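Here is how the chains run, residue by residue.
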Amino acid sequence: MTPRVDLADLDLWARGVPHAEFARLRRYEPVAWSGEAPPNSGFWSVTRYADIVAASRDVATFSSARGVSFEEPTDADMAARRTIIDTDPPAHTTLRKIMSGSFTQRAVAVYEHFVAGLTEQVLDAGLTGGELDFVDAVAKEVPIRVLARIMGLPDADLDQFIDLGDRLIANTDPDITDVVWGRDDTDAYRSYPFRSPYGKQLWDLGREVIAGKLAAQARGEHDDDLLATLLRAEVDGDRLSQTDLDNFFSILVVAGNETTRIAIAQGVLAFCEHPGQWDRLRADPGLLGPATEEVLRWSCPTHFMRRTATADTELGGAAIRAGDKVILWYVSGNRDEAEFRDPGVFDIGRTPNRHLSFGRGGPHLCLGVHLARLEVRVVLAALARRVARFELAGPPRRIRSNFTNGLKALPVRVELAR
Ligand code: HEM
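A brief structural summary. (Residues numbered from 1 in each chain as written. Predicted model: local features only at pLDDT ≥ 70, side-chain atom pairs only at ≥ 80, totals over all residues. Heavy atoms only, no water.)

### What to know about the side chain of S45
And step 1. By the secondary structure assignment, S45 is in strand β2 (residues 43-46).
And step 2. Owing to a relative accessible area of 0%, S45 belongs among the buried residues under this scheme.
And step 3. At 2.8 Å, the side chain of S45 forms a polar contact with the side chain of W329.
And step 4. Those residues within four positions of S45 in sequence are excluded, and the remaining contacts are L7, P30, V31, A32, I327 and W329. (Helix = DSSP H or I, 4+ residues; strand = E, 2+ residues; numbered from the N terminus. Buried < 20%, exposed > 50% of the residue type's maximum accessible area, 1.4 Å probe, protein only. Polar contact = N/O pair within 3.5 Å; in protein donor to acceptor, adjacent residues only side chain to side chain. Contact = heavy atoms within 4.5 Å.)

### Focus on helix α11 (residues 197-218)
And step 1. Here α11 contains 22 residues, and its C-alpha end-to-end distance of 32 Å stays within 8% of the 32 Å for a straight helix at 1.5 Å per residue.
And step 2. Those residues of α11 not exposed but buried are P197, Y198, G199, L202, W203, L205, G206, V209, I210, K213 and A216.
And step 3. Buried-residue contacts for α11 involve α4 (75-81), α10 (158-169), α12 (226-232) and α13 (242-273).
And step 4. Two to three positions downstream of the cap, the backbone nitrogen of Y198 sits 3.0 Å from a side-chain oxygen, assigning the N-cap of α11 to S196.
And step 5. With its phi angle positive at about 90 degrees, G220 sits one or two positions after the end of α11. (Expected span 1.5 Å × (residues − 1).)

### Considerations on the site of the ligand
And step 1. Residues in contact with the ligand amount to 27 residues; listed here are only the nearest, H92, R96, Y330, H364 and C366.
And step 2. Between the ligand and R96 there is a distance of 2.7 Å, counted from an oxygen atom to a side-chain nitrogen or oxygen.
And step 3. Taking A255, its main chain carries an N or O atom lying 3.4 Å from a nitrogen atom of the ligand.
And step 4. Taken together, the elements giving at least two residues each to the shell around the ligand come down to α5 (91-100), α13, β7 (304-309) and α17 (369-386).
And step 5. Looking at the shell around the ligand element by element, the count peaks at 5 residues for α13.
And step 6. When its residues are assigned to classes, the shell around the ligand shows 16 nonpolar, 9 polar and 2 charged. (Near = heavy atom within 4 Å. Nonpolar A, V, L, I, M, F, W, Y, C, P; charged D, E, K, R; others polar.)

### Examining the packing of aromatic side chains
And step 1. In the structure shown here, the tally under the stated rule is 17 aromatic pairs.
And step 2. Taken together, the ring pairs connect W13, F22, F43, F70, F304, W329 and F403 into an aromatic cluster.
And step 3. The ring of Y198 carries R167 above its face, with NZ or CZ at 4.6 Å from the centroid.
And step 4. When the ring centre of W298 is taken as reference, the NZ or CZ atom of R335 above it lies at 3.9 Å. (Phe/Tyr/Trp six-rings, centres within 6.5 Å; stacked < 30°, edge-to-face > 60°. Lys NZ or Arg CZ within 6 Å of the ring centre and 35° of its normal.)

Next up, the structure:
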């Protein structure tokens, strides 16, 4: 038995997440093989929560070094564009140490005041009552500005960061990029992030920002943002190479922006579809913590991470061969009935809620987990104070991608609280 739907069919995902097929796979064939058109050779779909966590933990067998997407990059491609997310231990541990101090719960808590003030400004401008595109007016505005503050990005470049980040993470959607992976010949861009010319543009922009920072440091200006930390970092007595800096820059901009935007936008969509849960949150702000986790479980901004088997092995009853591509479908694990009671119910009081939206069990657990939680919680809290009711004002438009659960547009009608 193989999956009945083609999980690599992006037009299918543009219509919606194939939850029914995932439920069937979890039940009857939890680790299932699908063939793929050349140059790709096929992939295993891991759909049960426990198997996903087990594979994430076993980094010796399930490696990230061949990238985390469906693409089949060569060694040379990977050497040019390898980021922390596609590095295995022990090198991964060294890279992670450079940044982990900036992302602890305590380090991130310092930004709460900033995130709250920024959110109020964004809502003052974007939420005027009546109809609006929530992605454009609100969701898109908060995460990039938080990231800019933490990383030390100039305000003047923010629109460009949003645009380039969108073209990368949605590199399969012709509405968003004119160079579509899987459709166009992308061979010339294979050494750039997401195999896209816009990956190169993001690197170039990063280099400009870094040059500005170095010039400021030479003038004796003190800064303690994340880019300054990266510039000071040493590995075995050496500063980071230009390649390392390029790739740190691109992963932070892409990983820290779109994902959080998706969680916020998909969260509001969930509340449009479950107005009783919105009333419940407004009546009891004590539910903000569990509501944040439920929004993250439900929205699952990153549907999967890919691993590559380093040896013949067995997982969930399937015989996996060395070199096979293995897709860990977090979006399916988040609805696994063996882990979650009534997983198809959006319940903002759900506890426990050990969802997989940030990964789980392995060393690649999202670095920005505390920051992302803080942003989602602060935005939900501010919305709950201001908005009595959300209603859909038209169909949401999904990004054509099986990787991201992004929305291109979320038309909503907002009834402001009195
Ligand atoms: C709701 C928002 C977010 C979601 C859903 C999310 C999701 C993820 C996922 C699924 C992974 C891979 C986990 C694995 O392989 O097991 C990851 C890794 C990562 N995330 Fe996030 N992320 C979010 C926000 C952020 C933010 C705000 C930042 C930084 C500013 C960030 C930076 C990173 C980095 C650097 C990695 C790679 C970590 C490593 O390989 O060690 N993420 N994220």
